[in-house]
Each structure stands twice: as structure tokens, then as C-alpha cells.
Amino acid sequence: MARELDLLIARRGKPPTIVSDNGTEMTSRAMLEWTNRTGVEWHYILRGKPQRNGSEESFNGKLRDECLNEEVFANLAEVRAVIERWRLDYNHVRPHSAHGGRTPEAVRLNPAAGRLRYLISSTARPLPPALEISYHPPGLS
């Protein structure tokens, strides 16, 4: 977990705070040492209160229902390939109502446009078509 967070920080910069549940992977000695080394604040949600981390719980449910529960994996390489295809689809192709019908990647590239959902209600109109990008994911089985 600490190595993955180091890679994310190298790509996207250091967040001031990370919010997580109290899972063993988040409360291990290695993670405590990582927070001390990096200076990133860590906030744990209350035990038994997953709704306090609703967006993460929602994402985990989507990943489980749409990807992991739909596959029988033969090896770790296959797991990585399938999850990567799903991740690219989720972030680059699929419009999200939370972003006013834009993809997370489109919002990342233009954060101000992502805040328009607070000015213009996205629920009163249909979602716009997905933005065209060069990536075409192979079919998820």
C-alpha cells in the first residue's frame, strides 16, 4: 500500500489528507511509518460508519459488482489486465452524473468545468454523449 501511494504521489502530487476506513491494511505499522515519513495526514472514519466515506464505498461497490464479480481469474497478470481495462473505461470513457455527465479524466483536465454541476442541475436534463477519445477498451467479459 505504501509503495502504491508513493507512486500516486509521484504522478499527482501529495495530498494534505487521506481519509480511509480502519482496515488492517490502513492501520499497519508500515502505513504509520509512511505517514510519518511523508507528512500526509491520515483520517480514519469511525468504525461501523462506512457512510462517512461514501464516495470510496460507492467506488468499491462498482469495482466489485462490475468487474471483480464478473470474472474468474487464472493468474495475477490476468487480474491486473482486467482491472486496468475497467479503470480506463471508468475514468476515460464512462460519463459520471457526479461530474455533470463528464468523465473523471475530463474533470481532471478541466477542474473548473467539473464545478459547473453546482450551477446547472444535471438531473433536469439527459446526460450528454461521452467524449470521443482514442482509447477503445476491449470488451469486458
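For the structure itself, look to the data block above.
Now for a quick tour of the structure. (Residues numbered from 1 in each chain as written. Predicted model: local features only at pLDDT ≥ 70, side-chain atom pairs only at ≥ 80, totals over all residues. Heavy atoms only, no water.)

### Section: the layout of surface pockets
Note the cut-off: A cavity, in this analysis, means grid points on a 1 Å lattice covering only the protein atoms where a 1.4 Å probe fits yet has no way out; a pocket is instead an open set bounded by protein on both sides within 12 Å along at least five of seven lines, and a residue lines either one if it has an atom within 4 Å of a point. Grid points are joined across faces, edges and corners, and a volume is the space filled by probe spheres set on the points. Secondary structure elements follow DSSP: runs of H or I no shorter than four residues count as helices, runs of E no shorter than two count as strands, and numbering proceeds from the N terminus. Residue classes follow a fixed rule: Ala, Val, Leu, Ile, Met, Phe, Trp, Tyr, Cys and Pro count as nonpolar, while Asp, Glu, Lys and Arg count as charged, and any other residue, Gly among them, counts as polar.
Estimated volume of the largest pocket: approximately 2,300 Å³. Around the largest pocket, the lining is made up of 47 residues, and of these Leu8, Glu56, Phe59, Arg87 and Asn91 lie nearest the centre. Elements with a contribution of two residues or more to the lining of the largest pocket: α1 (2–12), β1 (17–20), α3 (54–66), α4 (76–93) and α5 (104–109). Classifying every residue of the lining of the largest pocket gives 21 nonpolar, 12 polar and 14 charged.

### Details of the environment of Pro15
Quick reminder of the rule: Here the term buried applies to any residue with accessible area under 20% of the maximum for its type, exposed to any over 50%, and partly exposed to those in between, with areas from a 1.4 Å probe on protein chains only.
Along the chain, the position of Pro15 falls in the loop between α1 and β1. Accessibility expressed as a relative area gives 28% for Pro15, which makes it partly exposed. Sequence separation between Pro15 and Glu41 is 26 residues; the distance between their C-alpha atoms is 8.5 Å.

### Focus on the side chain of Thr38
Selection rule: By definition in these notes, contact holds between two residues if any of their heavy atoms fall within 4.5 Å.
Mapping Thr38 onto the fold places it in helix α2 (residues 29–38). Non-local contacts of Thr38, meaning those with residues more than four positions away in its chain, are made with Asp6 and Lys14.

None of this, on its own, says anything about what the molecule does.
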